[in-house]
Amino acid sequence: MHAPQIPPAVERYTAAAQLFHWLTALLVLGAFIVSIGGPEMRVYSPANDFSRGLHELLGMCVFALTVMRMGWRAAFPPPRSPEMPAWMELGAKLGHWAIYALLAAVPLTAILGAWFEGHPLTMLVLGNIQPWLAPSRQAGLVLADIHRWLGDVLIWLAGLHAAAALYHHFWRRDAVLLSMLPGR
């Protein structure tokens, strides 16, 4: 009779890294859901003040969290990945860095686009942050379009990221997903 095999200990992300990850996911999803989208007149219509303010507040929280998360990651590197083909490892690294880049670029293009269009950031109870840049309507409109496009790319890439984690968990049966889940 064989003794039961004890699974190897799962190398985990730190509790703070897990918190950063899941909070970022919730904030990004929330910002995407409440985003107004469309032409400038619609986005900045008084009827959409609350939705826009909430979207901008969530976006600024994503940006601040991303900065903190990158600092944390520099101080506390992620756990080793389980064995996987080199192409999969490379894809995971590129995917993670693309998500980090988008988590910074999406809010930055929104801020710059709004300011170039001459609009303050309207972050609900935190108040408005007036433009720090000279107006350039054309540059603002281009940046607003880039913001929308990058936001869509971020949502698709996050979905692919989640699908990859589920693939690892259910098909490869490795600890990729478990390493980011809270608990023991």
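Residues numbered from 1 in each chain as written. Predicted model: local features only at pLDDT ≥ 70, side-chain atom pairs only at ≥ 80, totals over all residues. Heavy atoms only, no water.

Looking now at the nonpolar core. Counting residues in each nonpolar core, the largest one holds 15 residues, and the members touching the most others are L27, V28, V62, I99, L102, L103 and L154. Contributions of two or more residues to this core are made by α1 (15–34), α3 (49–75), α4 (86–116) and α5 (137–172). With five residues, the single largest contributor to this core is α4. Residue contacts for L27: discarding those within four places in its chain leaves L58, C61, V62 and L65. I111, A114, W115 and L121 belong to the second largest nonpolar core, which has six residues in total. (Core = buried A, V, L, I, M, F, W, Y, C linked by side-chain atoms within 4.5 Å. Buried < 20%, exposed > 50% of the residue type's maximum accessible area, 1.4 Å probe, protein only. Helix = DSSP H or I, 4+ residues; strand = E, 2+ residues; numbered from the N terminus. Contact = heavy atoms within 4.5 Å.)

Further remarks concern the packing of aromatic side chains. The tally for this structure, following the rule as stated, stands at five aromatic pairs. Consider the rings of Y167 and W171, whose centres lie 6.4 Å apart with planes at 15 degrees: the pair is stacked. Here Y167 pairs with W171, and both are found in helix α5, just four residues apart, close to one helical turn. Overall, W171 belongs to the exposed group, its relative accessible area being 66%. (Phe/Tyr/Trp six-rings, centres within 6.5 Å; stacked < 30°, edge-to-face > 60°.)

For any two helices packed against each other, one specifies the inter-axial angle together with the distance between the axes. At a minimum axis separation of 11 Å, α1 and α5 run at an interaxial angle of 135 degrees. In this view, α1 runs oblique relative to α5, as classed from their interaxial angle. Read as a crossing pair, α1 and α5 show a hand that is left-handed. From α1, H21, V28 and F32 reach across to α5, where they touch D152, L154, I155 and H161. Looking at the contact of α1 with α5 residue by residue, the classes come out as four nonpolar, two polar and one charged. (Axes fitted to C-alpha atoms, helices over the stretch in contact; angles between N-to-C directions. Parallel < 35°, antiparallel > 145°, perpendicular 65-115°, else oblique. Left-handed = near helix turned anticlockwise from the far one by under 90°. Nonpolar A, V, L, I, M, F, W, Y, C, P; charged D, E, K, R; others polar.)

Glancing now at the packing of α4 against α5. As a packed pair, α4 and α5 sit with axes 8 Å apart at the nearest point and diverge in direction by 155 degrees. Relative to α5, α4 is oriented roughly antiparallel. Remark: the crossing between α4 and α5 carries left-handed chirality. Partitioning the contact of α4 with α5 into residue classes produces 19 nonpolar, nine polar and two charged.

A volume near 740 Å³ is recorded for the second largest pocket. What lines the second largest pocket is a set of 36 residues, among which S35, H55, A110, H147 and R148 lie closest to the centre. Elements represented by at least two residues in the lining of the second largest pocket include exactly α1, α2 (40–43), α3, α4 and α5. Ranked by residue count, the leading element in the lining of the second largest pocket is α5, at nine residues. Residues of the lining of the second largest pocket, tallied by class, amount to 21 nonpolar, eight polar and seven charged. (1 Å grid on protein atoms, 1.4 Å probe; cavity = no way out; pocket = protein on both sides within 12 Å on 5 of 7 lines; lining within 4 Å. Points joined across faces, edges and corners; volume = space filled by probe spheres on them.)

Next up on the list: α4. In an α-helix, one turn spans 3.6 residues; hence positions three or four apart end up facing the same way. Taking 1.5 Å of rise per residue, 31 residues should cover 45 Å, and α4 covers 44 Å from first to last C-alpha, within 8% of that figure. G118 sits one or two positions beyond α4 and adopts a positive phi of about 90 degrees. (Expected span 1.5 Å × (residues − 1).)

Purely spatial values, then, with no claim about function.
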